[in-house]
Amino acid sequence: MGQPGREALVVCSDESMKIGITVWDVDTGDEILKIPSCAASPYGFLCLRNQCLAASLVNRHGSLGGGAIFMWALNKPHPPRRSYTMEAMGPISCTKDGAYLAGGAPSGNAYLWEVRSGRMLKMWHAHYKSIKCMVFSDDGFLLISGSDDGMICVWSMTRLLKQTSELIHHSDQLDQRLIEMELRSLRSLLHYSLEHKSSVTGLLTISGGTTFFVSSSLDATCKVWDLGSGILIQTQVYPQAVTAIAFHPGEQLLFAGSIDGRIFVSPLKFLLLEDHFIVGEDQHSVLKGHNGSITALAFSASHLISASEDKTVCLWDVTRRVSIRRFNHKKGVVTNLVVIRQSSLLSEVSNCQRKLKKDRMPSLEKYPQLNSLSMEMVILLQSCFFNKDDQCSINIHRTKSLFRHMSELQQEGTPAAMQMKADINMSQRTWASQMTKHVMEINKHLQSRLLDLMQCRILWYKEIDPVSTKRRKKRKIETPALQ
């Protein structure tokens, strides 16, 4: 189907499942493939391991009944692998090797899966507001997330996945130094920032001698950060709100799409200074070609690709700053762009296909395993962030070791143990009530879906009934009467 040396542009919308996924040849503009039934959230569409497309589907009912992540194999015309999540997913991101997949929800919860096994490794409350975008560092050791309130968090993957050995207490007194050491090792939040004054609209990482990342926001700024230290290096100021960003590594240029359809081009200077500097509005060159807000930006091997609310996709020559091709997507606004190799779309059976068939990806788990939950440290961050003295207020509950220590204290009639037990019982009741509410919502959603299916079945029978009746009458006339 595709040619090995060429690229394909994969686009999808968030408006309707009927629009689906469209695949175009980047060089000719010809439509290569059409995949039905997909409506992905912004930043909720990606290519995983160069083998399959993954999309977090838009849920028009909010969190009712949970969400879904679909995966389509690129080289096989099979239905998607469906995975259903606890709540509707917004942005998703994967490591470069495709080992881990992360998802962010409107509730501020973040989820982490191991792709090969489908196992949910972690679920935690990452933000107070809806998560808008997520991206992994190039080495996969850090996860960056941005939310609707302008907050950016940098998470340590090592600390997120780390499970400490069980604390065994040989006496009635706890070693405070051991607890403090364990707390420091389990702090998964490395940095956070509230520099943006509005929703975060984009995140990207830049690797070089030092690793940086760039964030964009509706506050009409892009900010460059040192990923290791969390220091703000540079602030780019624009005349309009920024809705999408992309980086050209060869030219060291940042492309920022705005809400009025313009794309601003500005150089980035990666210098660690004591005081970050601000780049003014007059230092940007501009690409003009869209009549609506920019919804997505991406790079092919040699071109910039932009999508807009005007239902068009433009291919740009970065050197000459001109548009060289325009794709029309009349069915809906393109909200996600992915560039893949056309060789991934080969239809003939190959060794890669045989390997993929043998190692087929399982569905992602909807809930974390109970055994992993019981062995894991549960960290509740009351303030969630470090203050200037690098301290945080943290409550820790470790089920097995904590209950053992409580039992020892209860034998002595310690009031502290009774208070601890009451707190745990209260948290368990809260969790149980939340799960009950969630199950009731799922039940209502399933009932609604069942009624819809029954209605569709009845309408379908009505449509085919006249045809089947005519056929039966015709057969009855043609059949000779039995003597």
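Small disclaimer: the values here were computed from a predicted structure and weren't measured.

Is there a simple way to think about the overall build of the chain in this case?
Looking only at helices and strands, the chain has six helices and 31 strands in total. In the chain, which comprises 483 residues, the share counted as buried stands at 45%. Across the chain, every contact between residues at least 6 apart in sequence was considered, and the portion connecting residues at least 24 apart equals 51%. Counting every atom, the chain has about 25900 Å² of accessible surface; 54% of that belongs to carbon and sulfur.

Is there a simple way to think about the pairing of strand β2 (residues 21–25) in this case?
A regular strand carries its side chains on alternate faces of the sheet. Within β2, five of the five residues are buried, which leaves the element mostly enclosed by the surrounding structure. Of the two faces of β2, the one holding Ile21, Val23 and Asp25 and the one holding Thr22 and Trp24 are both buried throughout. As judged from the five bridges shared by strand β1 (residues 7–13) and β2, these two strands associate in the antiparallel manner. Paired with Val11 across the two strands is Thr22, which belongs to β2. Relative to strand β3 (residues 31–35), β2 runs antiparallel, the two being bridged by four bridges. When the sheet's bridge partners are listed, Val23 is paired in β3 with Leu33.

Quick question: what am I supposed to make of the nonpolar core here?
Membership of the largest hydrophobic core comes to 19 residues, with the highest contact counts inside it found for Val10, Ile21, Phe45, Leu53 and Trp72. Put simply, the parts of the chain that give this core at least two residues each are β1, β2, β4 (40–48), β5 (52–57), β6 (67–73) and β29 (334–341). Not counting the four nearest positions on each side in its chain, Ile21 is found in contact with Val10, Val11, Cys12, Leu33, Lys34, Ile35, Cys38, Phe45, Leu53 and Trp72. By size, the runner-up hydrophobic cluster in this structure holds 18 residues, among which are Cys52, Ala54, Met71 and Val115.

Would you explain the environment of Ile233 in this entry?
Tracing the sequence through the fold places Ile233 in strand β19 (residues 232–237). In this structure the C-alpha to C-alpha distance between Ile233 and Lys223, which are ten residues apart in sequence, comes to 7.5 Å.

For this particular structure, what's the right way to read the environment of Ile144?
Note that Ile144 resides in strand β13 (residues 142–147). In this structure Ile144 comes out as buried when scored by relative accessible area, which is 0%. Put simply, Ile144 and Tyr192 are 48 residues apart on the chain and 9.5 Å apart in space, counted from C-alpha to C-alpha.

Can you help me understand the side chain of Thr22 in this one?
Secondary-structure assignment places Thr22 in strand β2. The class of Thr22 is buried, set by a relative accessible area of 3%. Side-chain polar atoms of Thr22 contact the side chain of Lys34, separated by 3.0 Å. Discounting chain neighbours no more than four positions away, the residues touching Thr22 are Leu9, Val10, Val11, Glu31, Leu33, Lys34 and His329.

Could you clarify how one ought to interpret the sheet that holds strand β7 (residues 81–85) in this entry?
Strand pairing in a sheet is mediated by backbone hydrogen bonds. Such pairs are either parallel or antiparallel. One open sheet accounts for four strands, arranged β4-β5-β6-β7; its pairing is antiparallel. What marks the edges here is a single partner per strand, and that holds for β4 and β7. Across the sheet, the mean angle separating the axes of adjacent strands is 20° when strand polarity is ignored. Where β6 lies against β7, five bridges are found, and the strand directions are antiparallel. For Phe70, the partnering residue across the bridge sits in β7 and is Arg82.

Hey, could you run me through the sheet that holds β13 in this one?
One open sheet holds the four strands; their spatial order is β12-β13-β14-β15, and the pairing between them is antiparallel. Pairing within the sheet leaves two strands with one partner each, and these edge strands are β12 (131–136) and β15 (189–193). Here the strands of the sheet are splayed against their neighbours by 15° on average, with no regard to which way each runs.

Honestly, the packing of aromatic side chains in this entry has me stumped. Any pointers?
Here the distance between the centres and the angle between the planes together describe a pair of aromatic rings. The full count for this structure, using the stated rule, is seven aromatic pairs. Ring centres of Trp24 and Phe327 lie 4.9 Å apart, and the angle between their planes is 25°; this geometry places the pair in the stacked category. With a gap of 303 residues between them, Trp24 in strand β2 and Phe327 in strand β28 (residues 322–328) connect regions that are remote in the sequence. Accessibility classification places Trp24 together with Phe327 in one group, the buried group. Between the aromatic rings of Tyr238 and Phe264, the centroid separation amounts to 5.6 Å while the plane-to-plane angle is 45°, which identifies the pairing as tilted. Of this pair, Tyr238 sits in the loop between β19 and β20 (242–248) while Phe264 sits in strand β22 (residues 263–267), and the two are 26 residues apart along the sequence. Its relative accessible area of 3% is what places Phe264 among the buried residues.

For this particular structure, what's the right way to read the pattern of salt bridges?
Enumeration over the complete set of coordinates arrives at five salt bridges. A salt bridge links Arg6 to Asp27; the shortest N-O distance between them is 3.5 Å. Taken together, the residues span a long stretch of sequence, with Arg6 in the segment before β1 and Asp27 in the loop between β2 and β3 at a distance of 21 residues. Asp138 serves as the salt-bridge partner of Lys96, at 3.6 Å between the closest nitrogen and oxygen. Separated by 42 residues along the polypeptide, Lys96 in the loop between β8 (92–94) and β9 (100–104) and Asp138 in the loop between β12 and β13 bring together distant segments of the chain. In this structure Asp138 comes out as partly exposed when scored by relative accessible area, which is 28%. Residues joined by salt bridges that share partners form a network here, namely Arg6, Asp25 and Asp27.

Looking at this structure, I do not really get the side chain of Ser293. What am I missing?
Of note, Ser293 is situated in the loop between β24 (285–287) and β25 (294–299). For Ser293, a relative accessible area of 9% corresponds to the buried category. Ignoring any residue separated from it by four or fewer positions in sequence, one finds Ser293 in contact with Thr243, Ser258, Ile259, Gly261, Ala307, Ser308 and Glu309.

What should I look at first to understand a nonpolar patch on the surface in this one?
A contiguous nonpolar surface patch, about 320 Å² in accessible area, is contributed by Leu450, Leu451 and Met454. Within the secondary structure layout, Met454 lies in helix α6 (residues 415–478).

I would appreciate a short explanation of the confidence of the model for the chain in the present structure.
For any part of a model where pLDDT is low, the fine detail of the predicted coordinates should not be relied upon. In this model, the chain carries an average pLDDT of 77, and 69% of its residues clear a pLDDT of 70 or more. Confidence drops under a pLDDT of 50 for residues 163–175, and excluding neighbours within four residues, the segment shows 26 contacts in the predicted structure. Across residues 348–358 the pLDDT falls below 50, and counting only partners more than four positions away or on other chains, this stretch makes 13 contacts in the model.

Cut-offs applied
Residues numbered from 1 in each chain as written. Predicted model: local features only at pLDDT ≥ 70, side-chain atom pairs only at ≥ 80, totals over all residues. Heavy atoms only, no water. Helix = DSSP H or I, 4+ residues; strand = E, 2+ residues; numbered from the N terminus. Buried < 20%, exposed > 50% of the residue type's maximum accessible area, 1.4 Å probe, protein only. Contact = heavy atoms within 4.5 Å. Areas by Shrake-Rupley, 256 points an atom, 1.4 Å probe, with all protein chains shown as cover. Pairing = 2+ DSSP bridges. Core = buried A, V, L, I, M, F, W, Y, C linked by side-chain atoms within 4.5 Å. Polar contact = N/O pair within 3.5 Å; in protein donor to acceptor, adjacent residues only side chain to side chain. Axes fitted to C-alpha atoms, helices over the stretch in contact; angles between N-to-C directions. Phe/Tyr/Trp six-rings, centres within 6.5 Å; stacked < 30°, edge-to-face > 60°. Salt bridge = Lys/Arg side-chain N within 4 Å of Asp/Glu carboxyl O. Patch = residues over 30% accessible without salt bridge, like charges linked within 9 Å, V, L, I, M, F, W, Y side chains within 5 Å. pLDDT = per-residue confidence, 0-100.

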